[in-house]
Amino acid sequence: MRLTIRRRAGRRAALLAVGALTAGLLLTAPQQATAGPPNLLSNPGFETAGSAGSDMPSCWSRSGWGDNDFTFATVADAHSGTKAMKVSLTRRVDGDRKALVTENTTCAPAVTPGRQYDLSAWYKSNTPDVSVTVFRRDTTAGWQYWTDLQNPPVTAAWARTEVRTPVVPPNTDKIAWGLSVYGVGTLTTDDYALEEVGAAPPLPACSGTAEECAKGRWQVIPARNPVRSMHAVVLKNGKVLLIAGSGNDIAQFNAGTFTSAVYDPANGSFRTIPTPVDMFCAGHVQLADGRVLVMSGNKGYPSADGAIGYQGLKDSYTFDPATETYTRTNDMNGGHWYPSATVLGNGDVISFGGLKEDSTGNVTAEKFSAAQNKWLPMNEVNQTWSYWGLYPSMILMQDGRLFYSGSHTFGNGTPGTGASIYDYDANTVTDVPGLRNKDERDESASVLLPPAQDQRVLTIGGGNNERNPAANRLTDIIDLKQPSPGYTAGPPIPQGLVDQGQGKRPQTGDEGKMFVSAVLLPDGKVLETGGGLHDRADPVFEASFFDPSTNTYQAGLATDPIPRTYHSASFLMPDGRVMSVGDNPGNGTYNHNVSLYSPPYLFKGARPQITSVIDTQWVYGDTQRITVNRPIAKAELIRPAAVTHSSDPNQRFVDLPMTVNGNNIDLNVTSNPNLAPPGWYMLFAVDANGVPSIATWVHLGGPSALAAAQEQPSAHEHAFADRPGPAKKNPAKRDSVPVAPGVAGCDRHYGTVNVCVPTRFPAGVKGTTKARCDWLAAHTYPKRLKVNGSDPLRLDPDRDGYAC
């Protein structure tokens, strides 16, 4: 699974359509910087020798890592002047070599946080395995790898490469950079330049109310969701697939009534879709061609007395956005109620966890082959026989391994530290430390923070449906680029108002929320919204932005007027708004209202526009040209949502480093499909004030690119989780693990199956019949709940067969 990919030689045909202009931009005479002061580098052309005894020119150092044979040489074959730098790799197992601006006070140029810089150099190379690599100095942590920006193409003649940095992060005072060669071949470079981009434009006048410009705006749309959806998928045509199955309604299940709906934002309409099986609590993921793979679901509800739990289906289907129909695939090897679903760099899908047909925990990994369009037999899939729980959040790392963040649904976390790295090829699981309260991360959310190249994961909130404590405010952050990655504490979730049945009150103490939604926005922030204080109860009305550049929250945003707890979802739309659906509290009701959130960036004046995209079919390592109507600060790909139960491990924001020539922008597409798995993406252009364009849909991948994927080099930071600690011993081969029938946290002795009387009431509720019945009444549970068998919670003191 450690999939990497070689950059295709040359440019895409679409860029060749403007070949003369492109050649003028990239491959011929030197250009002036687009803006800013002169070159900030010392000795940019290697003309000044180093100090006595040095084997490198002044202000340049040998740099690189890995197992390879290499040479550095100052040569006379220069682009200008008399000297250039030649770096050769004659053997490579891994790693790279580069001439790097010396990381010291004298040589490394000073930079300003919040600003951008244009990097350029002249080069010749006979290998496509070249990247523009940048390091930064953090004023607290020191020098560290920052990012790889570009993969310049092979060229026998001198050519110029230029690329713009992202916005310099806070606490950064200097940067160093160079062209790395990470495949066998030779790279010669000369005439480097680093130039500051002109100042950002002034902030525009607010186009809404002062409150909207500060907090954004929610609106509840007139149309109502026609189905009790538990799953939401943004399709490649901008519509939204909402999957209900039986919708957690036992009457619908018994009647065989299974539903889905497609929402069309263009006209605000919903279309109900025939649904073949009960996809309630299935898994789903977007395939490379834009179809939605839906796996497992509900074979059966628990028995009335709770002796038998939920049962998982083997069934699997694809949904085609063009025809809006489901087509059955082959079955999985076993049932997986609440399975994970993660797309891999080659387009395959891997799935773990969930409950089998007999309600036990499924310990087998399942793999869907994109090439064969089917689930593979179990003997063709590596197995650790590990039980990952329900909806375990498995995030694809840049080298093809999977990071289990610790976010899951129901009960306690996995044994050990609660978070781990899974190496499919080596078939090993290695724990990572630092996740706080690992057994209270039920219904937490985990996201790969923007940009994906930074390989940082944020985990937000959570609780425990078995013990039912008040949900926590914890956020934890892990940097997977570190040699031995571990979680560190992040800032607590801001607090809002909670409704516990007696009206809203401010949260106090350590009260946080579970069932939270975390949505990646095109300005690079994370919207955190929705959630509840206890399992399926007590909605919290609070929303905030998490800013990955500062690791801080912006509190006090406008809040969704609709409660959003269990079975709710929030997700990004192509127009930059956020849509929220669902709420299915323990009393069995469902909220069909749909909310739309307009973030503050939509009230900052006119939006930039992508006026042309030469080609919407993108290949890894390409340069793709777009035209915009005015200057932009960044562009990115955002993978469309496929979310359920606070979980969307495939959600990611991939930065597209830019080469800027006025309103013509060349976007440098990553050469690594593990950073951006193949499929359809929303392409956003964002101005310096964080205002995004409306997205353009582009497709990343291509059979030719993926066919060349195996065992080819890929540029990445050398200390990337390469010393995470010893792997755990895998369990012996087994069929399943026992799971308590009450894993959902509901006492099935009362009412119907879709009513969830908590096994344990919140701590503030006294253990008396009156206190418990008062709590149920305050949360609008049905009156006179039928008692199914015994009465463990003592809710039927007169023994008439009905609670309270």
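Residues numbered from 1 in each chain as written. Predicted model: local features only at pLDDT ≥ 70, side-chain atom pairs only at ≥ 80, totals over all residues. Heavy atoms only, no water.

**Looking at the overall build of the protein chain**
Filter applied, for reference: In this text, helices come from DSSP runs of H or I with a minimum length of four residues, and strands from runs of E with a minimum of two, each type numbered from the N-terminal end. Note on classification: 1.4 Å probe, protein chains only; a residue is buried when its accessible area is under 20% of the maximum for its type, exposed when over 50%, partly exposed between these limits. Contact definition: two residues touch when any of their heavy atoms are within 4.5 Å. The accessible surface values rely on the Shrake-Rupley method and a 1.4 Å probe; as for residues, cover is taken only from the protein chains in view.
Helix and strand content of the protein chain: six helices and 58 strands. Its C-alpha atoms give the protein chain principal-axis dimensions of roughly 100 × 60 × 50 Å. Within the protein chain, the fraction of its 804 residues that count as buried is 63%. Pairs at least 24 apart in sequence give 66% of the contacts found in the protein chain among residues at least 6 apart. Surface summary for the protein chain: the accessible area is close to 27100 Å², and the carbon and sulfur share equals 52%.

**Section: the sheet that holds strand E47 (residues 617-618)**
Quick reminder of the rule: Strand pairing is assigned whenever DSSP detects at least two bridges linking the two strands.
Strand order in the open sheet formed by five strands is E47-E55-E54-E49-E51, with mixed pairing between adjacent strands. The open sheet has two free edges, formed respectively by E47 and strand E51 (653-655), since each of these has just one partner strand.

**Things to note about the side chain of Arg639**
Rule in force here: His is not counted, nor are the chain ends; Lys and Arg add positive charge and Asp and Glu add negative charge. Put simply, a salt bridge is a Lys or Arg side-chain nitrogen that is within 4 Å of an Asp or Glu carboxyl oxygen. Polar contacts, as used here, are pairs of N or O atoms within 3.5 Å; protein pairs need one atom able to donate a hydrogen and one able to accept it. Residues neighboring in sequence count only if both atoms are side-chain atoms.
Along the chain, Arg639 turns up in the loop between strand E49 (634-638) and strand E50 (642-643). With no salt bridge to any partner, buried Arg639 finds its closest opposite charge in Asp648, at an N-O distance of 7.0 Å. Among the polar contacts listed, one links the side chain of Arg639 to the backbone oxygen of Gln286, at a separation of 3.0 Å. A distance of 3.1 Å separates the side chain of Arg639 from the side chain of Tyr681, its partner in a polar contact. In this structure, Arg639 is in contact with Gln286, Val343, Asn650, Arg652, Pro677, Pro678, Gly679 and Tyr681, ignoring residues within four places of it in sequence.

**Side note on the state of the cysteines**
Stated precisely, the cut-off is as follows: What counts as a disulfide here is a pair of cysteine sulfur atoms lying within 2.5 Å.
Applying the stated rule across the entire model yields four disulfides. Put simply, Cys773 and Cys804 are joined by a disulfide, and their sulfur atoms are 2.0 Å apart. In this structure the cystine formed by Cys773 and Cys804 twists about its S-S bond by roughly -90°; its chirality is therefore left-handed. Within this pair, whereas Cys773 is found in helix H6 (residues 769-778), its partner Cys804 is found in the segment after strand E58 (802-803), the two being separated by 31 residues in sequence. For Cys773, a relative accessible area of 15% translates into the label buried. Here the protein chain pairs its bonded cysteines, counted in sequence order, in the arrangement 1-2, 3-4, 5-6, 7-8.

**Some thoughts on the side chain of Asp348**
Structurally, Asp348 can be placed in the loop between strand E22 (342-343) and strand E23 (349-351). Buried charge Asp348 goes without a salt bridge, the closest partner of opposite sign being Lys367 at 4.3 Å. At a separation of 2.9 Å, a polar atom in the side chain of Asp348 contacts the main-chain amide nitrogen of Ala370. With sequence-adjacent residues up to four places away left out, Asp348 is seen in contact with Thr342, Val343, Lys367, Phe368, Ser369, Ala370 and Ala371.

**Let's talk about the packing of aromatic side chains**
Test applied: By convention, a stacked pair of Phe, Tyr or Trp rings (six-membered ring in the case of Trp) has centres within 6.5 Å and planes under 30 degrees apart, an edge-to-face pair has planes over 60 apart, and any other such pair is tilted. The criterion for a charge sitting over a ring is simple: Lys NZ or Arg CZ within 6 Å of the ring centre, and within 35 degrees of the ring normal.
Here the structure, examined in full by the defined rule, presents 31 aromatic pairs. Consider the rings of Phe515 and Tyr566, whose centres lie 5.7 Å apart with planes at 70°: the pair is edge-to-face. Of this pair, Phe515 sits in the loop between strand E36 (504-506) and strand E37 (517-520) while Tyr566 is found in the loop between strand E42 (552-554) and strand E43 (569-572), placing the two residues 51 residues apart along the sequence. In terms of burial, Phe515 and Tyr566 fall into one category: buried. Put simply, the rings of Phe253, Phe258, Phe280, Tyr301, Tyr310, Trp337, Tyr338, Tyr391, Phe410, Phe515 and Tyr566 pair up and form one aromatic cluster. Lying over the aromatic face of Phe541, Lys504 brings its terminal NZ or CZ to 4.0 Å of the ring centre. Over the ring of Tyr566 we find Arg536; its NZ or CZ atom is 4.1 Å from the centre of that ring.

**Overview of the nonpolar core**
We apply this condition: Throughout this description, the term nonpolar core refers to a set of buried Ala, Val, Leu, Ile, Met, Phe, Trp, Tyr and Cys residues connected via side-chain atoms within 4.5 Å.
Counting residues in hydrophobic clusters, the biggest one holds 53 residues, and the most contacted among them are Val240, Leu521, Leu527, Phe571, Leu572, Met579 and Tyr597. It is strand E54 (residues 679-686) that contributes the most residues to this core, four residues altogether. In contact with Val240, not counting residues within four places along its chain, are Val233, Val234, Ala261, Val262, Tyr263, Phe571, Met573 and Met579.

**Let's talk about H6**
Taken residue by residue, H6 has Ala771, Arg772, Cys773, Trp775 and Leu776 as its buried positions. The inward-facing, buried residues of H6 contact strand E40 (537-541). Thr780 sits one or two residues past H6 and shows a positive phi near 55°.

**Things to note about the pairing of strand E55 (residues 696-700)**
With four of five residues buried, E55 is to be regarded as a mostly interior element. Strand direction decides the pairing type here: E47 and E55, joined by two bridges, are parallel. Paired with Gln617 across the strands is His699, a residue of E55. Bridge count between E54 and E55: five bridges; the pairing is antiparallel. What sits directly across from Met682, in E55, is Trp697.

**Topic: the confidence of the model for the protein chain**
Defined as follows: You can read pLDDT as the predictor saying how much it trusts each residue, on a scale of 0 to 100.
The predicted model of the protein chain averages 92 in pLDDT, with 93% of residues at 70 or higher. This stretch, residues 1-36, has a pLDDT under 50; its non-local contacts, to residues over four places away or in other chains, come to 112 contacts. Note that residues 707-711 has pLDDT below 50 and, in this model, seven contacts with residues that lie over four places away or in other chains.

**Considering the pattern of salt bridges**
Per the stated rule, a full pass over the model turns up 35 salt bridges. The shortest N-O distance in the salt bridge between Arg291 and Asp289 comes to 2.8 Å. Judged by relative accessible area, which is 38%, Asp289 ranks as partly exposed. The salt bridge partner of Glu542 is Lys513, with a shortest N-O separation of 2.5 Å. Of this pair, Glu542 sits in the loop between E40 and strand E41 (543-547) while Lys513 sits in the loop between E36 and E37; the two residues are 29 residues apart in sequence, bridging distant segments of the chain. The same class applies to Glu542 as to Lys513, namely buried.

**What to know about unusual backbone geometry**
In this chain, Pro450 is followed by Pro451 through a cis amide linkage whose omega measures -15°. With respect to the secondary-structure elements, Pro451 resides in the loop between strand E31 (445-448) and strand E32 (456-460). Its identity as a non-glycine residue notwithstanding, Phe410 has a phi of 75°, on the positive side. In this structure, Phe410 sits in the loop between strand E28 (402-404) and strand E29 (420-423). The exposure class of Phe410 is buried, given its relative accessible area of 4%. The backbone phi angle of His567 is positive, close to 60°, even though this residue is not glycine. Along the chain, the position of His567 falls in the loop between E42 and E43. Here His567 falls in the buried class, since its relative accessible area comes to 3%.

**Re the sheet that holds E41**
Note the cut-off: Helix axes are fitted to C-alpha atoms over the stretch in contact, other axes to C-alpha atoms as well, and angles between N-to-C directions run from 0 to 180 degrees.
An order of E37-E38-E41-E42 is seen for the four strands of this open sheet, with the pairing classed as antiparallel. Every interior strand has two partners, whereas the edge strands, E37 and E42, have only one. Sheet twist, expressed as the average angle between the axes of neighbouring strands with direction ignored, equals 30°.

**Some remarks on the environment of Asn151**
Within the fold, Asn151 resides in the loop between strand E7 (142-148) and strand E8 (155-164). Taking relative accessible area as the criterion, Asn151 reaches 11% and is therefore assigned buried. A sequence separation of 10 residues divides Asn151 from Thr161, and the C-alpha atoms of the two residues are 9.2 Å apart. Here Val130 takes part through its backbone oxygen, which lies 3.0 Å from a polar atom of the side chain of Asn151. There is a polar contact of 3.1 Å between the side chain of Asn151 and the side chain of Tyr182.

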